[in-house]
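Structural overview
So the chains spell out like this:
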Amino acid sequence: WKNEYEYRLNLSDPTNSQTMAIRCRGRNATFDGTSYTVGSFQPTDYDQDIVWADGLFVRWPEAQ
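Okay, the overall build of the protein chain next. Along the protein chain, the regular secondary structure elements total zero helices and five strands. Across the protein chain, helices and strands are ordered from the amino to the carboxyl terminus as β-β-β-β-β. Considering only C-alpha atoms, the protein chain reaches an extent of 40 × 25 × 15 Å along its principal axes. Here the protein chain holds 64 residues, and 17% of them are scored as buried. Here the protein chain displays about 4,800 Å² of accessible surface, and carbon together with sulfur accounts for 53% of that area.

Structure below.
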């Protein structure tokens, strides 16, 4: 999406089940919020954020 990534890393408890997250803003250059519904979106919807957390994609482009 050609925007900078934002990441979060829980250094105080790295064994926690929620340790690391990475997200990238969509074309509109704003994050969609602070929580996301798990699922894919149309690859041509460039305003969507791509989100990965703890080894799994939360939001990703995929033809539906």
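So much for the structure itself; the text now carries on.
Relative to the helices and strands, Asp49 is located in the loop between strand 3 (39-41) and strand 4 (50-53). In this structure Asp49 is buried but unpaired, with Arg23 as the nearest side chain of opposite charge at 4.9 Å. Setting aside residues no more than four positions away along its own chain, Asp49 makes contact with Cys24, Arg25, Gly26, Thr30, Phe31, Asp32, Tyr36, Phe41 and Arg59.

Quick look at the layout of surface pockets now. Here the largest pocket defines a volume of roughly 250 Å³. Of all elements in the fold, only strand 1 (5-9), strand 2 (20-24) and strand 4 reach the threshold of two or more residues within the lining of the largest pocket. Here the element with the most residues in the lining of the largest pocket is strand 2; it accounts for three residues. Residues that form the lining of the largest pocket fall into these classes: six nonpolar, one polar and three charged.

All right, on to the packing of aromatic side chains then. All chains considered together, the criterion is met by zero aromatic pairs. The aromatic ring of Phe31 is capped on one face by Arg23, whose charged end is 3.5 Å from the ring centroid.

Cut-offs applied
Residues numbered from 1 in each chain as written. Predicted model: local features only at pLDDT ≥ 70, side-chain atom pairs only at ≥ 80, totals over all residues. Heavy atoms only, no water. Helix = DSSP H or I, 4+ residues; strand = E, 2+ residues; numbered from the N terminus. Buried < 20%, exposed > 50% of the residue type's maximum accessible area, 1.4 Å probe, protein only. Areas by Shrake-Rupley, 256 points an atom, 1.4 Å probe, with all protein chains shown as cover. Lys, Arg positive; Asp, Glu negative; His and termini not counted. Salt bridge = Lys/Arg side-chain N within 4 Å of Asp/Glu carboxyl O. Contact = heavy atoms within 4.5 Å. 1 Å grid on protein atoms, 1.4 Å probe; cavity = no way out; pocket = protein on both sides within 12 Å on 5 of 7 lines; lining within 4 Å. Points joined across faces, edges and corners; volume = space filled by probe spheres on them. Nonpolar A, V, L, I, M, F, W, Y, C, P; charged D, E, K, R; others polar. Phe/Tyr/Trp six-rings, centres within 6.5 Å; stacked < 30°, edge-to-face > 60°. Lys NZ or Arg CZ within 6 Å of the ring centre and 35° of its normal.

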